[in-house]
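# Reading the structure
Single-letter residue listing:
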Amino acid sequence: MNSAQIEIQLIASLVAIACAIPGTFLVLRKMALITDAISHSILPGIVIGFFITHDLSSPLLILLATASGVLTVVLVEFIQKTGLVKEDTAIGLVFPALFSIGIILISKNASDVHLDIDAVLLGELAFAPFDRITVGTTDLGPKSLWIIGSILITTLLLLIAFFKELKVSTFDKGLAASLGFSPAIIHYGLMTVSSVTTVGAFDAVGAILVIALMIAPAATAYLLTQDLKKMLLLATLFGITGAILGYWSAHLLDASISGSITTVLGIVFLLVYLFAKNKGLISVLYRQKQQQKEVLLLTFLLHLHNHSDEEEERKVAHLNDHINWQKVKSRTVLSLALKNNMITIDNQIIALTDKGKTFTEEAINYIITNKDTEIEKMKDRFFLFRG
Amino acid sequence: MEDQIAVKIDDLTVAYDYKPVLWDIDLAIPEGVLMAIVGPNGAGKSTLIKAILDILKPIAGSVEIYGKPYKKNRALVAYVPQKGSVDWDFPTTALDVVMMGTYGSLGWIKRPGQKEKKAALEALEKVGMLSFKSRQISQLSGGQQQRIFLARALVQNASIYFMDEPFQGVDATTEKAIINILKELRKAGKTVVVVHHDLQTVPEYFDWVTFLNVKKIATGPVKDIFNDDNLTKTYGINYKVAITQ
């Protein structure tokens, strides 16, 4: 690895971490769409800033772009408050308007400024090491590294200082307000951090792909943990994984770095979505299947229980007629009950064992009383009661 | 009983989009009562609590907690929002939710420590949920979630408790457990204000009641004012249907 390669991976990783932190809270607040809006509507801020400074990484440009990002949020909320349209519609109205102002500004002045839309939307990580900060003859490293580094440090400090406030206002806005933690201040704080991060990252990965870095790692982490701190940590790790693996895939495929990073993030999400222990698709399908089986088993046991003194009702052959099940289904249920030692079959007549009887009675009792205390015992043994 | 007034509300009007949901409410809640706020859907019951707690800004009127604005006496107040107002899939545990009750006394930036954790564990024990402390909140039943919310209010160690429909969607055992805790709070001299739906249980659970339907209809001891006249004024002629619902 040469130093440019290391620098690119370092920048990509820092961008990923800086995005994953606000991204985690945005995902939990169900505000993923707002990053889409912010990433587009910072464009007029960037363009105006660029007209003034002629420098894509000047602080004034970052300030103006952040302001137009926050303005998006204000406008969205303003439109939403009229009660005429829903939030998604409001977002859909605001950001294309701001974005198109940016586009028009660029195209009107395209002849005399060096700023093209592709660069803003897609960024080019590969060029990051060329734009360096030098003092006299000393090389201090790539400019983007400094920008995103400072944004990341600020974000981390804010996260550590206001973790408790962010958590309570994300979970329970009403409680936060009643405790004196103004949800509005925290909301706009988070929106400002998201905007600054988007602006700081657009140069490297492009304004659009910032969305992927904010949402995908957080969404992936959400599937794996039930602890906010772990979710932040996992989101960060997924972000870095995407950055490094994405860089090397781009290297191998000779393709766009930011495109490859996003693809890797997507693949990681897909894998986790399929295989996550509790929330994963496969595990959910398995659970549903088990629950279905258990419902059938319970129905069957209840039938036996209700007719414990009528042999006619408990004949294997009668199951198909009486409970109205297909043969396959009856066989599945019978073998499940047998396997769990809940029934015995003697001369084609089914009888509940003691274990089966106790279980059935417990289940009936739970279904009738619906007491919380009962369910805990059942949960350990059956998927059915795990919700 | 001419007690001290815990909460005093004067000329309170709250509007959503210029449509008043609470109109010119005057209400004095005496210290040490266990009060139900009753009224039909859309009567502004939750809104009243939110306006008292500074969550909503009224367009007119004032609220005083022991003679001072809410902002000055925040520490005296605990709040239990409607269970449905939060996302129970949030990645956190029962203990952590209860700890949130301590955040108010900590203020900005300061983090909860051992003292706060101990208080939270005690509150969990009081509501019979100690063995669930590490359980992820989405894995709790509706009744258990409500108990967690109650524990979170208890940990605030307040003088006044506001609860928004704490009996909504809970099983009978939890309902009994909650009302016992509320009665204990009253015994300890606390003031408890509950948005309540089930008119049948009002005389059994509460000693004070406020009838609300955009305007205040009546407020006072249950034994004096919980009658057909006020019920009709609040719910309209078919209040008996409302009772049996």
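These notes cover the structure that comes with them. Just so it is clear, the structure is predicted and the values come from calculations on it, not from any experiment.

Attention now moves to the packing of helix 3 (residues 43-53) of chain A against helix 5 (residues 87-108) of chain A. Residue and element names in this part refer to chain A. Packing of helix 3 against helix 5 brings their axes to within 7 Å, and their N-to-C directions diverge by 30°. As summarised for this structure, helix 3 and helix 5 are arranged roughly parallel, according to the angle between their axes. Counting all contacts with helix 3, which are made through Leu 43, Pro 44, Val 47, Ile 48 and Phe 51, the residues of helix 5 involved are Leu 98, Phe 99, Ile 101, Gly 102, Ile 103, Leu 105 and Ile 106. Looking at the contact of helix 3 with helix 5 residue by residue, the class counts come to eleven nonpolar, one polar and no charged.

Our focus in this paragraph is the pattern of salt bridges. Throughout the structure, instances matching the rule amount to twelve salt bridges over all chains. A salt bridge links Lys 30 of chain A to Asp 87 of chain B, with the nearest nitrogen and oxygen atoms 2.6 Å apart. Pair noted here: Lys 30 of chain A is in the loop between helix 1 (3-28) and helix 2 (32-41) and Asp 87 of chain B is in the loop between strand 6 (77-80) and helix 2 (94-99), and the two residues belong to different chains. On the basis of relative accessibility, which here comes to 25%, the residue Asp 87 of chain B falls in the partly exposed class. Between Asp 96 of chain B and Lys 167 of chain A there is a salt bridge, with its nearest N and O atoms 2.8 Å apart. Remark: Lys 167 of chain A occurs in helix 7 (residues 143-171) and Asp 96 of chain B occurs in helix 2; the pair is interchain, linking two chains. With respect to burial, Asp 96 of chain B and Lys 167 of chain A carry one shared label: buried. A single salt-bridge network, built from bridges that share partners, covers Glu 7, Arg 132 and Asp 139 of chain A.

Right, let's get into the sheet that holds strand 2 (residues 19-30) of chain B. Strand pairs in the sheet, formed through backbone hydrogen bonds, run parallel or antiparallel to each other. Taken together, the four strands give an open sheet; going across it, the order is 2-1-4-5 (chain B), and neighbouring strands pair in antiparallel fashion. Among the strands making up the open sheet, the edge pair consists of strand 2 and strand 5 (68-69) of chain B.

A few words now on the interface of chain B and chain A. In this assembly, 40 residues from chain B lie in contact with 34 residues from chain A. For the pair chain B and chain A, the two sides together bury roughly 3100 Å², of which 58% comes from carbon and sulfur. Area buried by chain B at its contact with chain A is led by Phe 90, Pro 91 and Trp 108 of chain B, which between them contribute 24% of it. Taken together, the connections running from chain B to chain A amount to three salt bridges. Counting across the interface, chain B meets chain A through twelve residue pairs in polar contact (both at pLDDT 80 or more). Among the elements of the structure, helix 2, helix 3 (103-106), helix 5 (142-154) and helix 6 (172-187) of chain B are those that each provide at least two residues to the side of chain B that touches chain A. With four residues, helix 5 of chain B is the single largest residue contributor to the side of chain B that touches chain A. For the side of chain B that touches chain A, the per-class residue count stands at 19 nonpolar, eleven polar and ten charged.

A few words on the sheet that holds strand 6 of chain B. Residue and element names in this part refer to chain B. If you trace the six strands from one edge of the open sheet to the other, you get 6-7-8-3-9-10, paired in mixed fashion. Where the open sheet ends on each side, the last strands, each with one partner, are strand 6 and strand 10 (215-221). Mean inter-strand twist for the sheet, computed between neighbouring axes without regard to direction, equals 15°. Where strand 9 (residues 208-213) and strand 10 come together, six bridges link them in antiparallel fashion. Of the residues in strand 10, the one forming a bridge with Asn 213 is Lys 215. Contacts from helix 5 reach strand 6 and strand 7 (160-164), with the element oriented near 170° to strand 6.

Procedures and definitions
Residues numbered from 1 in each chain as written. Chains lettered and ligands numbered in written order. Predicted model: local features only at pLDDT ≥ 70, side-chain atom pairs only at ≥ 80, totals over all residues. Heavy atoms only, no water. Axes fitted to C-alpha atoms, helices over the stretch in contact; angles between N-to-C directions. Helix = DSSP H or I, 4+ residues; strand = E, 2+ residues; numbered from the N terminus. Parallel < 35°, antiparallel > 145°, perpendicular 65-115°, else oblique. Contact = heavy atoms within 4.5 Å. Nonpolar A, V, L, I, M, F, W, Y, C, P; charged D, E, K, R; others polar. Salt bridge = Lys/Arg side-chain N within 4 Å of Asp/Glu carboxyl O. Buried < 20%, exposed > 50% of the residue type's maximum accessible area, 1.4 Å probe, protein only. Pairing = 2+ DSSP bridges. Buried area = accessible area lost by both parts, 1.4 Å probe. Polar contact = N/O pair within 3.5 Å; in protein donor to acceptor, adjacent residues only side chain to side chain.

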